[in-house]
Amino acid sequence: MDFTFSEEQRAAAEAAAGVFADVAPDGVPSPADTTGAVADDFDRALWARLADADLLSLLLDEAYGGAGLDAVALCLVLRESAKVLARVPLLESSAAAAAVQAYGGEELRSALLTRAGRGDLVLTVAAHGRTGHDPAELAVTARRDGDRWLLDGIQTAVPWAHNADLVVVPAHTADTDADRTVLALVAPDREGVVLAEQISTTGERLGELRLESVPVARVDVIDADGAWEWLRDLLTAGTCALALGLGTAVLRMTGEYTSKREQFGFPVATFQAVAVQAADRYIDLRAMEATLWQAAWRIASGAPGALPAAADLAVAKIWASEGARRVVQTAQHLHGGFGADTEYPLHRYHAWAKHLELSLGPAAAHEEALGDLLAAHPLG
C-alpha cells in the first residue's frame, strides 16, 4: 500500500487549509453558553467560501462542475475543517451528492448535482436509525404506491436537518422486495414529515425526522443495490477524518500550552509524566491516521482484501472514537482548570469529540461488527 497523496489530493487539502485559515475556534458558538441550540443555522458565509473554492464539488464529475476526486481527497478536506470546528454540512452534503452520482438515475443527477456542487442545494443524511443504536435502514419502511413510494418511520439525530433542502433517508422495502434498502430524498417540509428539534453535545441542532405516509416520487428514490452501504461507508470514513483533524488540533494546542506553562521554574512539558501522556496521545493520532487512510483507500479504489472494506471502516471508527476521546481527556487534564474556561476553545473541542465518538456508532458497536465480519470471513 502506498499512502502518498496525489497532486490533486494535496491541492484540495491546501485549498481547504486556506479557506479555513480565517475560522477562529474560540469564535465557534459554545454549548456552555446556552441550554438550547447555539445557532439557528450553519455558517453560510463559510459555506459560500467553500463553494467558491470548488470544495463542495470535489467528488462530482466534470459534467456536474466537479473535480472528479475520491474519498481520500474528501477526507483530507474534512480533516482541515475539524481543526477549526467548521460549522458546515460538508461531510453530509458531499457524501449524499456522491451517492446520487454513483447510484441515482440520470434525471435525479441532472436535477441535483450541479446545484449541490455550487452550494445552492444542501443535502444531509439520516444515518442514525430510530434510537441511534439500531440500523438506520430498518428504522423506516418504504412501500410502493403506484408511481411513487410511501415512507413511514422515525430517524433520530439527523445533522443539519432544519437547514438542509433534502434529507437522504435509507429505508427497507415493505413489499415483495422485503430485504432491499432504498434511499429516498425527502424535503423536510414535505407533506407527512414532522421535524422535531434535538440538541447535540456540540450545541448544534439535530432533527428527529418522523415520516407518516410521506409520498416520494419514483425519480427521487435510489433503489440500486449497495447504494446505502456505500454511502454509510463514506460517512463513516468522513467521521473518522473529522476526529483525526480535531485530535490533531487538540494535541497541538496542548503542546503549545504545556511548553509555556511553568511550574518550579520549568515548562511542564519537560516533566516526564506530561511527556509520556502526550506521547501516548501522539501514538493514538498516528493509529487514527493509518486506519483512516486504509479505509478511505479501500472506498476510493474498490481494491479487494482478506476482509470486506467494512472491516477497515470498523477498525478506523474504533480508533477514531477511542482516540479522539483519549486525546481530549488528556488535553483537559494537562490544561488543568484553564481547559474548562469558556473563553478558551478546548471545551468546544471536547464537546465536538464526544459527538464524533458516538456518531454512526461508538467503538463498541464497531468492535461487534468487526467480530461478525471476522467470523464470516475466517483468515487462513
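Residues numbered from 1 in each chain as written. Predicted model: local features only at pLDDT ≥ 70, side-chain atom pairs only at ≥ 80, totals over all residues. Heavy atoms only, no water.

J.: Sorry if this is basic, but what is going on with the environment of Ala126 here?
T.: Locating Ala126 in the fold gives a position in the loop between strand E1 (123-125) and strand E2 (140-145). The exposure class of Ala126 is buried, given its relative accessible area of 0%. Each C-alpha atom, one on Ala126 and one on Gly207, is 9.1 Å from the other, the two residues being 81 residues apart in sequence. Not counting the four nearest positions on each side in its chain, Ala126 is found in contact with Ala136, Gln155, Val158, Val167, Val168, Val169, Pro170 and Trp228. (Helix = DSSP H or I, 4+ residues; strand = E, 2+ residues; numbered from the N terminus. Buried < 20%, exposed > 50% of the residue type's maximum accessible area, 1.4 Å probe, protein only. Contact = heavy atoms within 4.5 Å.)

J.: Honestly, empty space enclosed by the protein in this entry has me stumped. Any pointers?
T.: Take a probe with the size of a water molecule and roll it over the atoms, and the empty space left behind shows itself. Taken as a whole and assessed by the stated rule, the structure comprises three cavities of 30 Å³ or more. Considered as a void within the structure, the largest cavity measures approximately 460 Å³ in volume. Around the largest cavity sit 27 residues that line it, and Glu92, Pro159, Trp160, Leu242 and His355 are the ones nearest its centre. Breaking the lining of the largest cavity down by element, the ones donating at least two residues are helix H3 (71-83), helix H4 (90-103), strand E7 (205-217), helix H6 (227-260) and helix H9 (346-358). (1 Å grid on protein atoms, 1.4 Å probe; cavity = no way out; pocket = protein on both sides within 12 Å on 5 of 7 lines; lining within 4 Å. Points joined across faces, edges and corners; volume = space filled by probe spheres on them.)

J.: So what exactly am I meant to see when it comes to the state of the cysteines here?
T.: Covalent bonding between the sulfur atoms of two cysteines is what defines a disulfide. Counted under the stated rule, the structure contains zero disulfides. Residue Cys75 stays outside any disulfide, its sulfur separated by 8.0 Å from that of Cys240, the closest cysteine. For Cys75, a relative accessible area of 0% puts it in the buried group. Here Cys240 falls in the buried class, since its relative accessible area comes to 2%. (Disulfide = S-S within 2.5 Å.)

J.: Got a minute to help me understand the nonpolar core in this structure?
T.: Burial of nonpolar side chains together is a common tendency in soluble globular proteins. In terms of nonpolar packing, the biggest core is built from 96 residues, with Leu50, Leu231 and Leu246 touching the most fellow members. Sort the elements by how many residues they give to this core and H6 lands first, with 17 residues. Not counting residues within four places of it along the chain, the set of residues in contact with Leu246 comprises Ala82, Lys83, Leu85, Val328, Tyr349, Trp352, Ala353 and Leu356. Core analysis: the second largest hydrophobic core is formed by 20 residues, Val140, Val167, Ala184 and Leu209 among them. (Core = buried A, V, L, I, M, F, W, Y, C linked by side-chain atoms within 4.5 Å.)

J.: Help me out: how do you make sense of the layout of surface pockets in this one?
T.: Within this model, the largest pocket holds a volume of roughly 680 Å³. Forming the boundary of the largest pocket are 24 residues, of which Arg232, Leu360, Ala365, His366 and Ala369 lie nearest the centre. Looking at the lining of the largest pocket, the elements that each hand over two or more residues are H6, helix H8 (309-335) and helix H10 (363-376). Among the elements that line the lining of the largest pocket, the one with the most residues is H10, at six residues. Residues that form the lining of the largest pocket fall into these classes: 12 nonpolar, six polar and six charged. (Nonpolar A, V, L, I, M, F, W, Y, C, P; charged D, E, K, R; others polar.)

Read these as layout, nothing more, since geometry by itself doesn't imply function.
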